[in-house]
Amino acid sequence: LLQSGQHGWLAGLKTLLLNVSRAVTRDVLITFSPTAGPSRLNTTEKGNTGKIHLPTGIFRSLSSQAVRVVVTVLNIQQLGVFKEVNQTAQVLDNTVVGITVGESSISGLQDPVKLTFAHRQLPHGVIPQCVFWDPSKGVSLSRPGVGLGTGAVPGTHPGPAVPVAGLTGGWHRRGCVTQPGDKGTVCSCDHLTFFTLLLNPALDSSTAKSLMAVATAGCGIAMAFSIFTIAFCIFIRCRFRFEETVRINLGLHVNLVGSLFLLNMAFLLNSGLSGRTHPRTCRVLGGLTHYCLLCCFTWTALEGCQLYLLFVKVLGIYIHHYLAKLCLIGWGFPVLVVGVAGVIGSYGEYSVQTTDHQVIAHLCWITSKYLLVHYITNCGYFGLIFLFNMAIFGVVTQKSCSLQGTAAVQGYRKPWKVALVAAGLFCLLGATWALAFLTYGISSAPVLYLFTILNSLQGIFIFIWLVVLYYPKTKETSGSLSYIIRQDKTTTASQD
């Protein structure tokens with residue numbers, strides 16, 4: 001059912017031809033490597049090799065009783081084909097694998113063809129992506145004088161020539177699923193054509209510069225609005241008479257916005273001075289930036305705790321010097337974490353690099369040697385805070401919506417204000433920082449832009465939210481936070 005294969009050899013191009021019967025009962029398995037080319041799976045291979053898994057469904061759908069399978073392994077660096085204009089990603093081992101079965105084009109496979117590209121553990125900041133060559137996409141560059149084009153490439157084997165494309169088009173991922181692994185990446189595709197594994201840098205030079213520009217402008221604006229917010233909170237706290245709960249809330253907001261102000265200032269100092277500072281100064285600047293970030297996270301957690309006391313515990317909670325104790329936690333706990341991290345030497349210059357080891361940014365931060373400190377103190381710490389705050393956010397939103405349906409507030413129903421409460425709390429509880437967990441993968445660049453913009457403008461969102469909800473009105477509406485708290489307390493007291 002599966003006849004012996006024939007090999008074709010050309011500089012930078014290796015092929016394998018197999019005659020496969022339509023009645024084949026087992027999937028066709030082929031190995032390949034950049035040096036040895038394609039071969040039957042039972043051939044002894046040295047080192048790690050890639051694998052091709054052709055399901056039997058491909059052959060059963062064909063009309064002819066026997067079909068010729070052509071597997072091509074190309075070195076695109078030698079041949080000068082399959083190169084996009086302004087391509088930033090690297091092709092793994094400069095290797096492209098082409099698969100053709102019979103004379104016709106095959107697509108829409110229910111049981112996909114699987115290609116395993118063998119590789120060592122990829123460096124940090126590199127994202128593998130399975131792609132195929134789409135002739136209709138763009139215009140590629142080719143090396144003059146190679147003599148390869150759309151059509152056929154001559155080989156040393158008898159029979160039909162091996163079809164090769166690559167002078168026009170570009171890489172596309174449509175129809176292919178990427179499954180990364182430590183020792184290889186599996187590509188599952190629903191069609192047959194030319195495939196490769198692209199190694200995309202999480203950040204390229206142009207994207208990094210654009211993000212730095214957006215972040216710098218956003219931080220400057222956020223610092224200005226943070227000052228406005230602090231001044232506004234102090235003004236209404238002194239000018240108007242509020243109940244103690246609202247005064248504590250305003251104190252919490254001032255501290256949170258203050259931590260955001262310090263974080264934005266630390267980032268601007270970091271981006272402006274890193275790469276030109278003394279190593280000791282860089283360590284101090286890295287510790288300061290880390291401290292400001294942890295303060296921001298801690299104060300969002302304390303905002304969630306305050307909402308928990310107001311909306312879950314609801315009644316009769318009095319703690320002596322409550323706000324002062326919160327300040328001790330919010331500003332004191334990060335000191336302990338940063339102190340321990342500093343003692344073990346975690347801070348220093350951190351370089352952001354592309355796949356070709358080109359440095360695109362310098363930051364005074366946690367060094368690459370101590371990335372575990374970053375994962376524990378930043379990712380792990382915020383992950384716990386995010387889960388808790390989102391649970392509180394759900395409770396607050398549910399209670400706010402339930403109060404909208406009560407008879408006592410029917411005359412003051414303003415859905416837009418309830419939506420504003422929800423959006424403000426969502427920002428107040430630091431939910432926008434969760435986008436950092438989505439900055440890995442194919443869509444990392446758009447998410448990075450969204451993450452940078454939203455967190456840079458977090459101070460503006462909080463300012464608008466506080467002005468709309470806390471500035472006294474002639475008639476308190478059902479959307480205000482203080483009204484929700486008061487109504488919830490009244491409801492709970494009546495139930496008791």
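Residues numbered from 1 in each chain as written. Predicted model: local features only at pLDDT ≥ 70, side-chain atom pairs only at ≥ 80, totals over all residues. Heavy atoms only, no water.

Draft legend 1. Spatial organisation of the state of the cysteines. A complete count under the given rule lists three disulfides for this structure. Across a sulfur-sulfur distance of 1.9 Å, Cys130 and Cys187 are joined as a disulfide pair. Disulfide Cys130-Cys187: torsion about the S-S bond near -80 degrees, hence left-handed. One end of the pair, Cys130, is in strand E10 (residues 126-134); the other, Cys187, is in strand E15 (residues 184-189), and 57 residues separate them in sequence. Between the sulfur atoms of Cys176 and its disulfide partner Cys189 the distance amounts to 2.2 Å. Across the disulfide from Cys176 to Cys189, rotation about the S-S bond amounts to roughly 115 degrees, and the bridge is consequently right-handed. A residue pair is termed long-range when its members are at least 10 positions apart, and Cys176 in strand E14 (residues 176-179) and Cys189 in strand E15 qualify at 13 residues. The pair Cys176 / Cys189 is uniform in exposure class, with both members buried. (Disulfide = S-S within 2.5 Å. Helix = DSSP H or I, 4+ residues; strand = E, 2+ residues; numbered from the N terminus. Buried < 20%, exposed > 50% of the residue type's maximum accessible area, 1.4 Å probe, protein only.)

Draft legend 2. Looking closely at the nonpolar core. Counting 57 residues, the largest nonpolar core has Leu307, Leu425, Trp433, Ile462, Trp465, Leu466 and Tyr470 as the members making the most contacts within it. A per-element tally of this core places helix H5 (residues 279-313) first, with 13 residues. Within the second largest apolar cluster, 35 residues are counted, among which are Val67, Phe132, Cys176 and Leu197. (Core = buried A, V, L, I, M, F, W, Y, C linked by side-chain atoms within 4.5 Å.)

Draft legend 3. Quick look at the side chain of Ser226. Within the secondary structure, Ser226 is located in helix H3 (residues 205-239). Non-local contacts of Ser226, meaning those with residues more than four positions away in its chain, are made with Val257 and Phe261. (Contact = heavy atoms within 4.5 Å.)

Draft legend 4. View of a nonpolar patch on the surface. A cluster of nonpolar residues, Met265, Leu269, Leu273 and Leu288, forms a patch on the protein surface that exposes about 300 Å² of accessible area. It is helix H4 (residues 244-273) that provides the largest number of residues to the nonpolar patch, a total of three residues. Positionally, Leu269 belongs in helix H4. Using a relative accessible area of 37% as the deciding quantity, one classes Leu269 as partly exposed. (Patch = residues over 30% accessible without salt bridge, like charges linked within 9 Å, V, L, I, M, F, W, Y side chains within 5 Å. Areas by Shrake-Rupley, 256 points an atom, 1.4 Å probe, with all protein chains shown as cover. Salt bridge = Lys/Arg side-chain N within 4 Å of Asp/Glu carboxyl O.)

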